[in-house]
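# Coordinate analysis (summary)
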Amino acid sequence: MTRYQLFIDNEWVDPHSGRWFETENPFSGEVWAEIPRGDAVDADRAATAAWNAFEGPWSRLSASDRGMMLHRLGALIERDAQHLAEIESRDNGKLIRDVLAQVRYMAKYFYYYGGLADKIQGHVVPMDRPKVFNYIRYEPMGVVVSITPWNSSLSLTAWKMAPALCAGNTVICKPSEYTSASLLEFAKLVVEAGLPPGVVNVLTGYGSEVAEPLVRHRHVHRIAFTGGDEAGRRINKMAAEGFKRISLELGGKSPNIIFDDADMEQAVNGALSGIFSATGQTCVAGSRLLLQETIHDEFLERITTIARTAKAGDPADPKTHIGPMTTKAQFDKAMDYIDIATKEGARCVVGGRALTGPGYGAGQFVAPTIFAGVTNEMRIAQEEVFGPVLSVLKFRDEEEALRIANDTRFGLAAGVWTQSLHRAMVMTQGLRAGTVWVNNYRSSSYTTPFGGFKDSGIGREGGVDAVREYMEPKSVWISTDLQMANPFGSR
Ligand code: NAD
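Small disclaimer: the values here were computed from a predicted structure and weren't measured. (Residues numbered from 1 in each chain as written. Predicted model: local features only at pLDDT ≥ 70, side-chain atom pairs only at ≥ 80, totals over all residues. Heavy atoms only, no water.)

## Topic: the pairing of strand β11 (residues 222-226)
For β11, a buried count of five out of five residues is recorded, marking the element as mostly surrounded by other parts of the structure. Burial along β11 is two-sided: R222, A224 and T226 and I223 and F225, pointing in opposite directions, are all buried. Judged from the four bridges that link them, strand β8 (residues 143-147) and β11 form a sheet pairing that is parallel. Among the inter-strand pairings, I147 is bridged to a residue of β11, identified as F225. A crossover links β11 with its parallel partner strand β12 (residues 245-249), the connecting element being helix α9 (residues 229-241), and its sense is right-handed. (Buried < 20%, exposed > 50% of the residue type's maximum accessible area, 1.4 Å probe, protein only. Helix = DSSP H or I, 4+ residues; strand = E, 2+ residues; numbered from the N terminus. Pairing = 2+ DSSP bridges. Right-handed = clockwise from strand over helix to strand, strands pointing away.)

## Some remarks on the environment of E249
Looking at where E249 falls in the secondary structure, it is placed in strand β12. Taking the C-alpha atoms as reference points, E249 and G232, separated by 17 residues in sequence, lie 8.2 Å from one another. Apart from the residues within four sequence positions on either side, E249 is in contact with F225, T226, G227, F450, G451, G452, S456, G459, R460 and E461. (Contact = heavy atoms within 4.5 Å.)

## A few points about unusual backbone geometry
Most peptide bonds adopt trans geometry, and most residues besides glycine take a negative phi value. Phi is positive for F243, close to 50 degrees, though the residue is something other than glycine. With respect to the secondary-structure elements, F243 resides in the loop between α9 and β12. Positive phi values are uncommon outside glycine, yet T279 reaches one of about 55 degrees. Position of T279 among the secondary structure elements: in the loop between α10 (264-276) and β14 (288-292).

## Topic: the layout of surface pockets
Volume-wise, the second largest pocket comes out at about 370 Å³. Of all the elements in the fold, those that place two or more residues in the lining of the second largest pocket are α2 (57-60), α3 (63-79) and β7 (132-140). The residue inventory of the lining of the second largest pocket, partitioned by class, reads eleven nonpolar, four polar and three charged. (1 Å grid on protein atoms, 1.4 Å probe; cavity = no way out; pocket = protein on both sides within 12 Å on 5 of 7 lines; lining within 4 Å. Points joined across faces, edges and corners; volume = space filled by probe spheres on them. Nonpolar A, V, L, I, M, F, W, Y, C, P; charged D, E, K, R; others polar.)

## Remarks on the nonpolar core
Counting 96 residues, the largest nonpolar core has F110, F186, F299, I303 and I370 as its most contacted members. Among the elements that make up this core, the one with the highest residue count is helix α5 (residues 96-116) (ten residues). Among the domains, domain 1 (2-250 + 456-476) and domain 2 (255-438) are the pair contributing at least three residues each to this core. Excluding residues within four positions of it along the chain, I303 makes contact with V268, A271, L272, L289, I370 and L390. The next biggest cluster of nonpolar side chains, apart from the first, holds 30 residues, and it includes I257, I338, F371 and M378. (Core = buried A, V, L, I, M, F, W, Y, C linked by side-chain atoms within 4.5 Å. Domains from an automatic or database assignment.)

Now the structure itself:
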């Protein structure tokens, strides 16, 4: 059994509480590591270390040197991708091949933002008066706290850490209590990459015990949160108390809309991978499938037939399609929604049950589930399940598809499948979501912004502009007029 320590100021330290909690492999049920239970004292130590690093060695580095360090970190992630992926998959139960692809891709965030570090330019402002020179500098905010959920601990942290460091901030990471080990393993690379002490810190523990004191800490200036809306709302309020800058990446109930002129083969694959990838435990899951009435029955038949062939089992087995639910609470939530959907009158055409027996280890498995006959006011169409449960709705034309798709408090993502350029344009303009995919689903990249409309969040991650979300503009006025007037008119 591995007993981890906290990573503060480039040192491994025991938690102040003297307490650890256990982490479990969701497939085998094996308790394989002990995670430090951080508290407010640890939060203070980390915030102080991060602030000292920000004011000290980190700010003395040139932007180019800072960028080189991010490159080194990227190369080390690539080198250790297999190890990091195995640890993360052991903690969250996601398929090892998916996690490995994610970790390899994570390295690219560090290359991209490493390359950007010395290209963030200020500018000179054309002035409305003579004899003054005004320019804008973009400066780092200070200490950034990254708070992440259990579904993609490493990548969701990289989305925040890479642009934050690129901009010259220092970072404290607080991973989910269910999946802390991969970030603690990652922290070893921070030392090897040569980052000065305090630039990256990893604090583990429960949200209320260690993340809240971090959010409130006077040396913390910016919060980058991904998670559920309950915690997001709470953190948003706390951050507002201290006028802290914040970004929130929250949940979704994303529509995946199939028109009758779509390439059916592609659309079938897109609909299935949209909901069942990562066992549906992703914020962008295409959990509302909107089918045009002319193809509804045939399309439903095709996805149902394929969903029956999905192989659930060991995430380490390359033949597995569906892994276990990461936590018991998440399993219970998915099963509750299956119950709710049935009571609401939706028709379960496949799945709708837990999977047990040989091949499932000690895991909590939910069979890939499809509900037909869903209407948009049902809870199964409005609330996030975060599991392999698809709701199928019917629509007549573009107008009705848009009305249904936008009738939700969320606005994270949407998919449109059509071969008509006109339809694609009408839909991409009308959909109220931060990401819209046409004839593809779940694509993501460090080069483009990601984030939500409405209750799906505030702010964007990814792309060049993400760096500015971690910077403050400073307006500098330089007078070229040596005749400063006496305000009292006397000598
Ligand atoms: P969660 O909100 O319970 O936890 C997320 C993080 O917040 C954890 O690190 C947790 O310890 C911390 N936290 C919880 N309560 C806190 C508090 N009071 N103060 C400070 N920190 C607190 O979410 P989860 O169950 O781990 O993840 C699932 C949710 O994440 C889903 O709703 C999903 O949609 C969302 N998600 C969103 C995105 C996105 O990019 N939009 C990506 C992945 C997951």
